[in-house]
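Close look at the chain arrangement
For reference, the chains in residue letters:
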Amino acid sequence: DYRGGGRASARETANWVVAGAIASQILSKVGVTVLSYVSAVGSFKTSKSYKDLNLSVIDSNIVRCPDMECANQMILEIESVQKKGDTIGGEITAVALGVPPGWGNPVFDKLHADIGKAMLSINSVHGFKYGYDGIDISSSKGSQVNDIFLDNSGKTKTNYSGGIQGGISNGNDIYCE
């Protein structure tokens, strides 16, 4: 379509929504729940971890942010930019709860690579980061962000790795932005 939109329009998005709804039903049968929410719009970003938010209220506002105070600021920012005839960027956070250890492959089919590919396939997505909830990994020392295994189950004391180690799920929550 020469007027814009083209193949990246709502016609494509509708298919993704249907596929996601089916995948959600399949994952629920093995105890996995996937949630996502808006965590930033422009300069307004929630400072709270997903663990400190009530994720059941994601759909309670038009920006889908579970941090109500931040959501109100985001709405005002969007309205302000819209009045000027412009748009504003943002960030989402996705969380997968109940993922068992062992999903993925350590060499050619790494779980974080597959998630990254899926996330970067979404129109207008320009970056992807997994793990390190609230920590700037690029400026941290390894000793500050190393996850220590608790036992043979794969669970770790912390979850800086975002539930994925060596390309394989470790049983902790998987989260990404």
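This text goes with the structure placed above it.
Nothing here was measured: the structure is a model prediction, and the numbers come from that model.

Focus on the nonpolar core
- Listed in full, the 8 residues of the largest apolar core are Val-38, Val-41, Val-63, Cys-65, Cys-70, Ala-71, Met-74 and Ile-75.
- Of all the elements in the fold, those that place two or more residues in this core are β1 (33-41) and α2 (68-83).
- The greatest single-element share of this core, amounting to 4 residues, is contributed by α2.
- Ignoring sequence-local partners within four residues, the contact set of Cys-65 consists of Val-38, Ile-58, Cys-70, Ala-71 and Met-74.

Section: the pairing of strand β3 (residues 90-97)
- As paired elements, β1 and β3 share 8 bridges and run antiparallel to each other. Across the sheet, residue Val-38 finds its bridge partner in β3, namely Ile-92.
- Across 3 bridges, the pairing between β3 and strand β6 (residues 174-176) is antiparallel. Paired with Ala-96 across the bridge in β6 is Ile-174.

Observations concerning the pattern of salt bridges
- One pass over the structure, following the stated rule, counts 5 salt bridges.
- Put simply, Glu-91 and Lys-45 hold a salt bridge, and the shortest N to O gap is 3.0 Å. With Glu-91 in strand β3 and Lys-45 in strand β2 (residues 44-45), this pair connects stretches of sequence that are 46 residues apart.
- Judged by relative accessible area, Glu-91 falls into the partly exposed class, the value being 34%.

Criteria and thresholds
- Residues numbered from 1 in each chain as written.
- Predicted model: local features only at pLDDT ≥ 70, side-chain atom pairs only at ≥ 80, totals over all residues.
- Heavy atoms only, no water.
- Core = buried A, V, L, I, M, F, W, Y, C linked by side-chain atoms within 4.5 Å.
- Buried < 20%, exposed > 50% of the residue type's maximum accessible area, 1.4 Å probe, protein only.
- Helix = DSSP H or I, 4+ residues; strand = E, 2+ residues; numbered from the N terminus.
- Contact = heavy atoms within 4.5 Å.
- Pairing = 2+ DSSP bridges.
- Salt bridge = Lys/Arg side-chain N within 4 Å of Asp/Glu carboxyl O.

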